[in-house]
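Spelled out from the first residue to the last, the chains are:
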Amino acid sequence: MKEVYLDNNATTKVDEKVLEKMLPYLKENYANPSSMYNTARISAKAIEKAREQVADFLGADDKETIIFTSCATEGANTAIKGVVEQFSTPENNHIITSQVEHPCVLSTYEYLEKKGMRATYIGVNENGELNIDNLLSKVTPQTILVSIMHANNETGAIYPVYDIAREVKKINSNTKVFVDGVQAAGKININLKDSDIDFYSISGHKFHAPKGVGALYVKKGNLFQPFMLGGHQEHSLRAGTQNTPYIVGLGEAARLAKESLNYELTEVKRLRDKLENGILKALNNAKLNSKSKERVPNTTNIGFEYIEGELILLYLNDLGIYASSGSACTSGSLDPSHVLRAQKVPFTSLHGSIRFSLSRFTTDDEIDFAIENVPKVIKKLAEISPFQDELKGLGLLN
Ligand SMILES: *Cc1c(COP(=O)(O)O)cnc(C)c1O
């Protein structure tokens, strides 16, 4: 059966070239990179090469700003809890984020609220765009941290994180800025060295490295209380024997992502636009949720009025088309997406909202198959929808 994988914001396939680079470190080059003999130095050198590749990918000034982690959830927890532990006082206990962050940020903020922090959650407009002035108006002398994602995993909206970081520092130069960069990595250019961003996290499995490896950028001179204590690995900022093969894979994935960026911005975008326009044209009940002016090239989120999202996914699955509703981390619950609720998507299409996310491995053939079959599925489901009159009115039913 044909399989059309359109869930690349949930995870991506490992690039063959990445796997090739990893294999020697799973086989003969297994030495602990902290040991003193020659083979250990091979591992240590490979890690440092990957550090350079990741630093280059993120436009960081120096490879020493890169700490390897197990995932972006670890990166977010390390930065957010680390800043709070290092800098919060009974008075300076204010932290800011947005309502549309990934659960790895939102859950950490909720945890810190229970520990006595005061948190402010900034909303978005109907297009999913953040109001920067509103955000800046909340920054006070007591604000120790602002966390804003670079690109949203559900809608693809890009947030102006460089401007936010610069303006936040003008109001309070002591406020630290953390950016969850997972959905920007490999999709738009990243340039941290000329920015005021203090911490930036990425995850390998979102750009064709394996699951279980990520990186946290820490701007030079930034202190934080490490989350993992133990040995002196990663300058004592993240203890634990480094995962050499996966780190090597992350480095190669970063190199390839940088090399393919132009392809993402042109070809992947062309395919995404083709899919989006094809579906919107075929169905009167299809409403675009990805309405932000700035958007990553691979993502579209479309709401199908009066149709149940879980059913759409099941029917698409039967055809070998894989997409998602909400984020993979929150699916399994029937709560509609917190991101779409924040941008006030009407309830008529909120429950039937589907995210399609492409990668550089997506083909024209696959997109044609999706354009042909998604409308068929929606029309079939219209027949069993309880909203017959509404769907007739929209011309989905005779
Ligand atoms: C996937 C994702 C994460 C979590 O990354 P893991 O490496 O799986 O922990 C964090 N933020 C965003 C925006 C994501 O899409």
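Predicted model, so just to flag it, every value in this text is computed and none were measured. (Residues numbered from 1 in each chain as written. Predicted model: local features only at pLDDT ≥ 70, side-chain atom pairs only at ≥ 80, totals over all residues. Heavy atoms only, no water.)

Caption draft 1: Examining the overall build of the protein more closely. Tallying secondary structure elements over the protein gives 12 helices and 12 strands in all. Rg of the C-alpha trace for the protein: 22 Å, near the compact-globule value of 21 Å for 398 residues, within the 12% margin. Reported as C-alpha extents along the three principal axes, the dimensions of the protein are approximately 75 × 55 × 35 Å. The buried share of the protein, reckoned over its 398 residues, is 57%. Counting contacts in the protein only where the partners sit at least 6 residues apart, residues at least 24 apart contribute 74% of the total. Accessible surface for the protein amounts to roughly 17,000 Å². Of this, 51% is attributable to carbon and sulfur atoms. (Helix = DSSP H or I, 4+ residues; strand = E, 2+ residues; numbered from the N terminus. Rg over C-alpha atoms; globule rule 2.2 N^0.38 Å. Buried < 20%, exposed > 50% of the residue type's maximum accessible area, 1.4 Å probe, protein only. Contact = heavy atoms within 4.5 Å. Areas by Shrake-Rupley, 256 points an atom, 1.4 Å probe, with all protein chains shown as cover.)

Caption draft 2: Focus on the sheet that holds strand E5 (residues 143–147). The sheet built from 7 strands is open, its strands ordered E2-E8-E7-E6-E5-E3-E4 with mixed pairing. The open sheet has two free edges, formed respectively by strand E2 (66–69) and strand E4 (118–122), since each of these has just one partner strand. Neighbour-to-neighbour, the strand axes of the sheet open up by a mean angle of 20 degrees, direction not taken into account. Two elements, strand E3 (residues 94–98) and E4, share 5 bridges in a ladder whose sense is parallel. Note that in E4 the partner of Thr97 across the bridge is Tyr121. Against the sheet, helix H3 (residues 72–87) contacts E2, E3, E5, strand E6 (176–180), strand E7 (199–203) and strand E8 (214–218), and its axis sits at roughly 160 degrees relative to E7. Sheet strands in contact with helix H4 (residues 103–114) are E3, E4, E5 and E6, and its direction is about 155 degrees off that of E3. (Pairing = 2+ DSSP bridges. Axes fitted to C-alpha atoms, helices over the stretch in contact; angles between N-to-C directions.)

Caption draft 3: Quick look at the nonpolar core. One finds Val54, Leu58, Phe68, Leu135, Tyr200, Ile202 and Phe207 to be the most contacted residues of the largest nonpolar core, which totals 54 residues. It is helix H7 (residues 244–282) that contributes the most residues to this core, 6 residues altogether. When neighbours within four sequence positions are excluded, Tyr200 is seen to be in contact with Leu58, His150, Phe178, Val179, Gly181, Ala184, Ile190, Leu192, Ala215, Leu216 and Tyr217. If you look at the next biggest cluster of nonpolar residues, it comprises 31 residues, including Ala286, Ala323, Phe356 and Ala382. (Core = buried A, V, L, I, M, F, W, Y, C linked by side-chain atoms within 4.5 Å.)

Caption draft 4: Fine view of the pairing of strand E12 (residues 353–357). Among the 5 residues that make up E12, 5 are buried, leaving the element largely enclosed by the rest of the structure. Residue alternation in E12 divides its side chains into two sets, Ser353, Arg355 and Ser357 and Ile354 and Phe356, and both sets are buried. The pairing of strand E10 (residues 299–304) with E12 spans 5 bridges and is classified as antiparallel. Bridge pairing links Asn301 to Arg355 in E12.

Caption draft 5: Structural view of the site of the ligand. The immediate surroundings of the ligand are formed by 13 residues, with Thr73, Asp180, Gln183, Ser203 and Lys206 found nearest. Contact with the protein chains covers 91% of the free accessible surface of the ligand, which is 380 Å². Partitioned by chemical class, the residues of the shell around the ligand number 5 nonpolar, 6 polar and 2 charged. (Near = heavy atom within 4 Å. Nonpolar A, V, L, I, M, F, W, Y, C, P; charged D, E, K, R; others polar.)

Caption draft 6: Representation of empty space enclosed by the protein in the model. One pass over the full model with this rule turns up 1 cavity of 30 Å³ or more. Taken as a whole, the largest cavity spans an internal volume of roughly 100 Å³. Lining of the largest cavity is provided by 14 residues; of these, Gly186, Lys206, Phe207, His208 and Glu264 occupy positions nearest its centre. Tallied by class, the residues present in the lining of the largest cavity amount to 4 nonpolar, 6 polar and 4 charged. When residues of the lining of the largest cavity are assigned to domains, at least three map to each of domain 1 (4–12 + 261–393) and domain 2 (16–259). (1 Å grid on protein atoms, 1.4 Å probe; cavity = no way out; pocket = protein on both sides within 12 Å on 5 of 7 lines; lining within 4 Å. Points joined across faces, edges and corners; volume = space filled by probe spheres on them. Domains from an automatic or database assignment.)

Caption draft 7: View of a nonpolar patch on the surface. Side chains of Leu311, Leu314 and Ile384 sit close together on the surface and give an oily, nonpolar patch of about 280 Å² of accessible area. A relative accessible area of 52% places Leu314 in the exposed class. (Patch = residues over 30% accessible without salt bridge, like charges linked within 9 Å, V, L, I, M, F, W, Y side chains within 5 Å. Salt bridge = Lys/Arg side-chain N within 4 Å of Asp/Glu carboxyl O.)

Caption draft 8: How the structure looks around the pattern of salt bridges. Enumeration according to the criterion identifies 24 salt bridges in this entry. Between Arg355 and Asp7 there is a salt bridge, with the nearest N and O atoms lying 3.1 Å from each other. Placement of Arg355 in strand E12 and of Asp7 in the loop between strand E1 (4–5) and helix H1 (16–26) is noted, with a sequence separation of 348 residues between them. Judged on exposure class, the residue Arg355 and its partner Asp7 are both buried. For Glu167, the salt bridge identified is with Arg166, shortest N-O distance 3.4 Å. Judged by relative accessible area, which is 22%, Glu167 ranks as partly exposed. It is possible to trace a salt-bridge network through shared partners that takes in Glu48, Arg51, Lys63, Glu64 and Glu234.

Caption draft 9: Geometry of the packing of aromatic side chains. Across all of its chains, the model carries 4 aromatic pairs by this definition. The ring of Phe369 has Lys2 lying over it, and the distance from NZ or CZ to the ring centre is 5.5 Å. The ring of Phe361 has Lys13 sitting right over it, with the charged end atom 4.6 Å from the ring centre. (Phe/Tyr/Trp six-rings, centres within 6.5 Å; stacked < 30°, edge-to-face > 60°. Lys NZ or Arg CZ within 6 Å of the ring centre and 35° of its normal.)

Caption draft 10: Layout of helix H2 (residues 38–57). Compared with an ideal rise of 1.5 Å per residue, which puts 20 residues at 28 Å, H2 spans 29 Å between its outermost C-alpha atoms and is within 8% of the ideal. Looking only at H2, the buried set comprises Ala40, Ser43, Ala46, Ile47, Ala50, Arg51, Gln53, Val54, Ala55 and Phe57. In this structure, the buried residues of H2 make contact with H1, E2, E7, E8 and H7. Among the residues trailing H2, Gly59 stands out with phi positive, at a value near 60 degrees. (Expected span 1.5 Å × (residues − 1).)

Caption draft 11: Here's a closer look at the sheet that holds E12. Taken together, 3 strands build an open sheet; the order of strands is E9-E10-E12 and the sheet is antiparallel. Looking at strand neighbours, the two that pair on one side only are strand E9 (286–288) and E12, the edges of this open sheet. Adjacent strand axes in the sheet meet at a mean angle of 30 degrees when their direction is disregarded. Where H7 meets the sheet, it contacts E9, E10 and E12, and its direction lies at approximately 10 degrees from that of E10.

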